[in-house]
Amino acid sequence: ASTLGAAAAEKGRYFGTAVAANHLGESQYVSTLNTEFNSVTPENEMKWDALEPTRNSFNYTSADRIVSHAQSRGMKVRGHTLVWHSQLPSWVSGLSATDLRSAMNNHITQVMTHYKGKIHSWDVVNEAFQDGSSGARRSSPFQDKLGNGFIEEAFRTARAADPNAKLCYNDYNTDGVNAKSNAVYSMVKDFKARGVPIDCVGFQSHFNSASPVPSDFQANLQRFADLGVDVQITELDIEGSGTSQANSYSNVVKACLAVSRCTGITVWGITDKYSWRSSGTPLLFDGNYNKKPAYTAVLTAL
Ligand code: XIL
């Protein structure tokens with residue numbers, strides 16, 4: 001196949017990208033998106049501050065633009081993200097525990113109901129664990145006021161809201177075997193043992209020279225898959241350029257393809273010019289939408 005999406009589809013996977021609604025008027029952005037990708041993740045438009053800036057008042061305009069674009073082109077949509085400490089409106093952090101619990105469950109229910117049937121996978125909870133060796137939960141309004149049970153509660157609420165969506169836990173620095181991924185692994189294992197609904201684990205996979213593609217990336221994906229969940233590479237970008245960047249991308253694709261439950265890969269943007277790594281060049285297309293060596297490496301590996 002001659003495009004990322006078609007090549008991934010031949011392997012039974014999707015190949016997606018993060019999309020920003022405010023670039024959907026740019027013809028090269030849209031033509032690259034439409035040609036190469038068969039899944040999208042709204043980069044910011046489905047975050048809590050975008051969808052529910054004031055309590056129980058929802059604004060779906062920008063997220064809906066992305067979803068309708070995707071649907072009209074037959075692309076899948078990943079929902080990102082329902083419960084996260086970041087890009088959280090200040091009204092949420094000010095709530096009492098009782099109010100926060102009902103606000104969290106209401107947010108999940110309202111948003112998932114609005115998009116019911118249109119989202120293949122939801123990142124129900126994002127980045128709930130700390131970096132470093134402790135394996136502890138990260139401090140957040142949810143963790144601090146509701147305790148460890150907030151993740152389980154969010155997943156149960158999500159299952160009830162849209163029983164057909166795959167429910168994912170998503171995080172970064174969990175790509176290799178380390179204390180943080182061990183902590184997520186223990187949580188998923190416990191959820192599966194107790195029947196808490198979870199279907200997938202997302203590995204953000206933001207890599208750079210300080211945090212390169214781990215040598216045990218495939219083994220780590222496989223151990224999660226062996227728990228009975230799908231795994232997905234959800235926000236892939238790799239700092240660098242040329243052959244070394246291309247080789248790293250190739251290794252990520254090969255790792256996913258070697259794990260039968262690795263169902264798809266999403267890169268965190270189309271072109272270097274709009275990467276969230278503002279001064280970097282971590283994506284597959286340069287600022288002029290030229291295919292980089294990393295693009296060719298991915299297409300070859302698929
Ligand atoms: C980033 C977006 O790319 C930026 O535009 C925004 O300013 C901040 O968030 N982990 C995640 C993503 O789960 O939502 C983040 O996206 C990148 C890190």
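Residues numbered from 1 in each chain as written. Predicted model: local features only at pLDDT ≥ 70, side-chain atom pairs only at ≥ 80, totals over all residues. Heavy atoms only, no water.

## Observations regarding the packing of aromatic side chains
Aromatic ring pairs are described here by two measures, namely the spacing of the ring centres and the angle between the planes. As enumerated under the stated definition, the model contains 13 aromatic pairs in all. Consider the rings of Y185 and F224, whose centres lie 5.5 Å apart with planes at 85°: the pair is edge-to-face. Residue Y185 is found in helix α9 (residues 179–194), and its partner F224 is found in helix α10 (residues 217–225); the two are separated by 39 residues along the sequence. Looking at F224, the relative accessible area reads 0%, which means it is buried. Their ring planes at 90° and their centres at 5.9 Å tell us that F207 and F217 sit as a pair that is edge-to-face. Separated by ten residues along the polypeptide, F207 in strand β7 (residues 206–207) and F217 in helix α10 bring together distant segments of the chain. Here the two residues F207 and F217 agree in accessibility, since each one is buried. What links up through ring pairs into an aromatic cluster is the set W48, W91, F142 and F150. (Phe/Tyr/Trp six-rings, centres within 6.5 Å; stacked < 30°, edge-to-face > 60°. Helix = DSSP H or I, 4+ residues; strand = E, 2+ residues; numbered from the N terminus. Buried < 20%, exposed > 50% of the residue type's maximum accessible area, 1.4 Å probe, protein only.)

## Side note on the state of the cysteines
Each disulfide is one covalent bond, formed between the sulfur atoms of two cysteines. Counted according to the given criterion, the structure contains two disulfides. Paired through a disulfide, C168 and C200 show a sulfur-sulfur distance of 2.1 Å. Across the disulfide from C168 to C200, rotation about the S-S bond amounts to roughly -90°, and the bridge is consequently left-handed. Of this pair, C168 sits in strand β5 (residues 166–171) while C200 sits in strand β6 (residues 200–203), and the two are 32 residues apart along the sequence. Across the pair, C200 and C168 agree in class, each one buried. Each sulfur of the disulfide joining C256 and C262 lies 2.1 Å from the other. Judged by the sign of its S-S torsion, about -100°, the bond between C256 and C262 is left-handed. Judged on exposure class, the residue C256 and its partner C262 are both buried. Cysteine pairing for the protein, with bonded cysteines counted in sequence order: 1-2, 3-4. (Disulfide = S-S within 2.5 Å.)

## Digging into the side chain of N126
Looking at the element boundaries, N126 is found in strand β4 (residues 121–126). A distance of 2.9 Å separates polar atoms of two side chains, one belonging to N126 and the other to N170. In contact with N126, other than residues within four places in its own chain, are H80, T81, V83, W84, N170, D171 and Q204. (Polar contact = N/O pair within 3.5 Å; in protein donor to acceptor, adjacent residues only side chain to side chain. Contact = heavy atoms within 4.5 Å.)

## Examining the site of the ligand
Around the ligand, a shell composed of 13 residues is seen, among which E43, K47, H80, E235 and W268 lie nearest. Between the ligand and E43 there is a distance of 2.4 Å, counted from an oxygen atom to a side-chain nitrogen or oxygen. H80 is positioned such that a nitrogen or oxygen atom in its side chain is 2.7 Å from an oxygen atom of the ligand. In this structure the site holding the ligand corresponds to the largest pocket. Partitioning the shell around the ligand into residue classes produces three nonpolar, six polar and four charged. (Near = heavy atom within 4 Å. 1 Å grid on protein atoms, 1.4 Å probe; cavity = no way out; pocket = protein on both sides within 12 Å on 5 of 7 lines; lining within 4 Å. Sits in = over half its atoms within 2 Å of the grid points. Nonpolar A, V, L, I, M, F, W, Y, C, P; charged D, E, K, R; others polar.)

## Some points on the UniProt feature "active site" (unreviewed entry) in the protein
Using the residue numbers shown here, the UniProt feature "active site" (unreviewed entry) corresponds to E235. With respect to the secondary-structure elements, E235 resides in strand β8 (residues 230–238). For E235, a relative accessible area of 5% translates into the label buried. With sequence-adjacent residues up to four places away left out, E235 is seen in contact with H80, N170, F203, Q204, S205, H206, T266 and W268. Here N170 takes part through its side chain, which lies 3.2 Å from a polar atom of the side chain of E235. (UniProt positions renumbered as here; feature names shortened; annotations may be inferred.)

## Focus: the layout of surface pockets
Quantified by volume, the largest pocket comes out at close to 230 Å³. Lining the largest pocket are 15 residues, and of these K47, W84, E235, W268 and W276 lie nearest its centre. Classifying every residue of the lining of the largest pocket gives four nonpolar, six polar and five charged. (Points joined across faces, edges and corners; volume = space filled by probe spheres on them.)

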